[in-house]
Amino acid sequence: GRAQLGAVQTLLQGANNRGNTFKFDNAVQYITPKFGNVFGRAYVQAAEGAATGRNYALALDYSSGPAFLGLAFDSAQIAGPTVGLAAPAVRAKTLGIGGAYNFGMVRVHGYYQRNQIAGLPDANSANVSAAIPVGSGEFRLALGKWSRPGDADARRVALGYAHFLSKRTQVYANLAQLKNGSR
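Residues numbered from 1 in each chain as written. Predicted model: local features only at pLDDT ≥ 70, side-chain atom pairs only at ≥ 80, totals over all residues. Heavy atoms only, no water.

Undergrad: Tell me what's going on with the pattern of salt bridges, and back it up with residues and numbers.
TA: Tallied over the full model, the rule gives four salt bridges. For the salt bridge of Arg 41 with Asp 61, the shortest nitrogen-to-oxygen distance reads 3.5 Å. A residue pair is termed long-range when its members are at least 10 positions apart, and Arg 41 in strand 2 (residues 38–45) and Asp 61 in strand 3 (residues 55–64) qualify at 20 residues. Under the relative-accessibility criterion, Arg 41 is labelled buried at 19%. For Arg 140, the salt bridge identified is with Glu 138, shortest N-O distance 2.8 Å. Shared partners join several salt bridges into a network, and the residues in it are Arg 107, Glu 138 and Arg 140. (Salt bridge = Lys/Arg side-chain N within 4 Å of Asp/Glu carboxyl O. Helix = DSSP H or I, 4+ residues; strand = E, 2+ residues; numbered from the N terminus. Buried < 20%, exposed > 50% of the residue type's maximum accessible area, 1.4 Å probe, protein only.)

As structure tokens, then:
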């Protein structure tokens with residue numbers, strides 16, 4: 001596939017931390033018609049009296065033949081104590097850019113993401129990966145770096161193989177090494 005941006009759970013942000021959650025209830029999404037090779041998405045969640053408030057996301061995708069480029073922004077109001085702040089609610093803003101290109105013998109992917117919350121240092125994430133088709137499967141390699149100032153940095157190397165049983169079904173195995181640093 002392609003780089004997947006916007007409202008994505010990552011190690012950068014942690015579970016329900018720094019603004020990202022697995023799902024937002026009572027939300028609506030609009031996907032624009034395709035204009036040439038570009039389309040956009042807008043997403044908004046109703047606040048409905050919750051202390052965390054309204055959340056929204058915007059994304060713009062470009063896809064042409066073997067190339068993909070995506071840009072996404074999301075803004076979520078979260079409980080301040082979940083990120084170590086005294087304020088009852090704070091706004092977390094995340095900007096991500098990613099791309100992919102299929103060279104035929106190898107498909108490469110990359111993305112960069114930055115999360116900002118007033119009163120906290122920015123958290124950053126960068127990943128690059130490659131998929132090499134072999135028969136009815138593919139070998140996969142991924143490198144990633146996460147930086148959460150005041151907490152810890154992490155680096156990941158992963159290697160895997162996926163065997164495609166059908167268009168929608170695969171069997172896969174992955175091996176990864178994660179090195180957590182400390183500050």
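Undergrad: I'd like to hear about the packing of aromatic side chains, residue by residue, with values.
TA: This model, assessed by the stated rule, comprises three aromatic pairs. Each ring, one from Tyr 56 and one from Phe 73, has its centre 6.3 Å from the other, and the planes form 45°; the classification is tilted. Here Tyr 56, found in strand 3, pairs with Phe 73, found in strand 4 (residues 67–79); they are 17 residues apart in sequence, far enough to count as distant. With a relative accessible area of 34%, Tyr 56 lands in the partly exposed category. (Phe/Tyr/Trp six-rings, centres within 6.5 Å; stacked < 30°, edge-to-face > 60°.)

Undergrad: An account of the sheet that holds strand 6 (residues 107–117) is needed here, citing residue identities and associated values.
TA: Spatial strand order, 1-2-3-4-5-6-7-8-9-10: ten strands in an open sheet with antiparallel pairing. Looking at which strands have only one partner, the edges of the open sheet turn out to be strand 1 (27–31) and strand 10 (170–180). This sheet shows a mean twist of 10° between the axes of neighbouring strands, independent of strand direction. (Pairing = 2+ DSSP bridges. Axes fitted to C-alpha atoms, helices over the stretch in contact; angles between N-to-C directions.)

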